[in-house]
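So the chains spell out like this:
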Amino acid sequence: MSEKIRIDKSTSLLVLTGAGVSAESGIPTFRASADGLWEKHRIEDVASPEGFAEDPAMVWRFYSERRAKAKSVAPNPGHHALASLEEQLGDRFMLATQNVDGLHGRAGSKRVVEIHGSLFKTRCSRCDREPFADETVYGHDEVPGCGRCASEGGSSLLRPHIVWFGEMLDPVDLHKISRFMSNANKLLFVAAGTSGAVYPAAGFVQTARRYGGQTILVNQEAADNGGQFHRWIQGRSGEVLPSLFDVE
Ligand SMILES: NC(=O)c1ccc[n+]([C@@H]2O[C@H](COP(=O)([O-])OP(=O)(O)OC[C@H]3O[C@@H](n4cnc5c(N)ncnc54)[C@H](O)[C@@H]3O)[C@@H](O)[C@H]2O)c1
Ligand SMILES: [Zn+2]
């Protein structure tokens, strides 16, 4: 590989990861399927509020399978490289991930913002109780109900704590990320394993540039927003990330 990227004492590093970073762990990317299906499902059936209203049991079956799959795989060298960068940089590091598989946390990353939610959290589809940790793989036709709503005489379904199509990202998460960029003395932004098609994450590169940041893309194939980066390193994140940086 060509020259390493130097991280000096005044640099803050924001990393954005997407499904590609988990591909080497054996979790298929979304766009790996050219047929527009995600694990044999139409995306709008399993990843939209309308799909959930239509067939909550099918949606829970889908996310239960994703939970079981994510639990059965392990973080790869790309995840580990990011965890070790964080160890060296401390608060000068932030990781924003579109992945919901929890692999960054399992690799040891702590300053992680899961902007699309988490497979391992559940929340109520109606009331405002906090999302809670949940690793349950539900039975075939099982749809869990909200205990809090039930205790108040109502009934409502629990749903995965995932940001579905047509839903807003948590403004608190987005604020954290933009504050990190605006506070950086010298900003370095690295996006890895993401097709740059889903906003607002695909727009982080522009924000980083507005703050004067250097921007680097590590991706196997050309990304939709690839032209906006200063540099594209083509390759697998698990092979590129472990030796990409030179930390002062
Ligand atoms: N692991 C997960 O949690 C997971 C998996 C699938 C989809 N999703 C969700 O679906 C959406 C998909 O958008 P996205 O941009 O994250 O993913 P994407 O599937 O749209 O794109 C993945 C990108 O990664 C690249 N890639 C594949 N393998 C790679 C590797 N080993 N190293 C580097 N790059 C590699 C591909 O060329 C592609 O451009 C997200 O919103 C995400 O929440 C999550
Ligand atoms: Zn409730």
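Residues numbered from 1 in each chain as written. Chains lettered and ligands numbered in written order. Predicted model: local features only at pLDDT ≥ 70, side-chain atom pairs only at ≥ 80, totals over all residues. Heavy atoms only, no water.

Below, the discussion takes up the pattern of salt bridges. Per the counting criterion, the structure on display carries 12 salt bridges. One salt bridge connects Asp-134 with Arg-67, and the closest N-O pair in it is separated by 3.4 Å. Here Asp-134, found in the loop between β8 (132-133) and α7 (147-151), pairs with Arg-67, found in helix α4 (residues 56-72); they are 67 residues apart in sequence, far enough to count as distant. Both residues of the pair, Asp-134 and Arg-67, count as buried. Note that Lys-71 is salt-bridged to Glu-135, the shortest N-O span being 3.6 Å. (Salt bridge = Lys/Arg side-chain N within 4 Å of Asp/Glu carboxyl O. Helix = DSSP H or I, 4+ residues; strand = E, 2+ residues; numbered from the N terminus. Buried < 20%, exposed > 50% of the residue type's maximum accessible area, 1.4 Å probe, protein only.)

With that out of the way, let us pick up the domain arrangement of the chain. In terms of domains, the chain is made up of domain 1 (1-27 + 74-116 + 168-248) and domain 2 (31-72 + 119-162). The distance between the C-alpha centroids of domain 1 and domain 2 comes to 27 Å. Between domain 1 and domain 2, the contact holds 11 residues from the first and nine residues from the second. Interface area, domain 1 with domain 2, both sides summed: about 680 Å², of which 51% is carbon and sulfur. If you look at where domain 1 meets domain 2, you find zero salt bridges. The interface formed by domain 1 and domain 2 holds three residue pairs in polar contact (both at pLDDT 80 or more) in total. By residue class, the composition of the side of domain 1 that touches domain 2 is five nonpolar, three polar and three charged. (Domains from an automatic or database assignment. Contact = heavy atoms within 4.5 Å. Buried area = accessible area lost by both parts, 1.4 Å probe. Polar contact = N/O pair within 3.5 Å; in protein donor to acceptor, adjacent residues only side chain to side chain. Nonpolar A, V, L, I, M, F, W, Y, C, P; charged D, E, K, R; others polar.)

Here we come to the sheet that holds strand β11 (residues 214-219). Reading across from one edge, β6-β5-β2-β10-β11-β12 is the order of the six strands in this open sheet, with parallel pairing throughout. What marks the edges here is a single partner per strand, and that holds for β6 (112-114) and β12 (231-234). Put simply, the sheet's adjacent strands are angled 20 degrees from each other on average, direction ignored. Across the sheet, helix α5 (residues 77-89) is in contact with β2 (11-17) and β5 (93-97); its angle to β5 comes to roughly 150 degrees. (Pairing = 2+ DSSP bridges. Axes fitted to C-alpha atoms, helices over the stretch in contact; angles between N-to-C directions.)

What follows deals with helix α8 (residues 171-183). An ideal rise of 1.5 Å per residue puts 18 Å on 13 residues; α8 measures up with 18 Å between its terminal C-alpha atoms. Of the residues making up α8, those classed as buried are Asp-173, Ile-177, Phe-180 and Met-181. An end-on view of α8 places all buried positions within 100 degrees of arc, on one side of the element. Exposed residues on α8 whose side chains face more than 90 degrees from its buried face are Pro-171, Val-172 and Asn-183. Buried residues belonging to α8 abut β2, β5, β6, β10 (186-192) and α9 (204-210). Its side-chain oxygen placed 2.9 Å from the backbone nitrogen of Val-172, Asp-170 serves as the N-cap of α8. (Expected span 1.5 Å × (residues − 1). Arc of directions from axis to C-beta.)

Moving on to the pairing of β2. Across the seven residues that make up β2, a large majority, seven, are buried. Across the two faces of β2 the burial is the same, with Thr-11, Leu-13, Val-15 and Thr-17 and Ser-12, Leu-14 and Leu-16 all buried. Taken together, the seven bridges between β2 and β10 define a ladder with parallel strand orientation. Looking across to β10, one finds that Thr-11 is bridged to Lys-186. As paired elements, β2 and β5 share five bridges and run parallel to each other.

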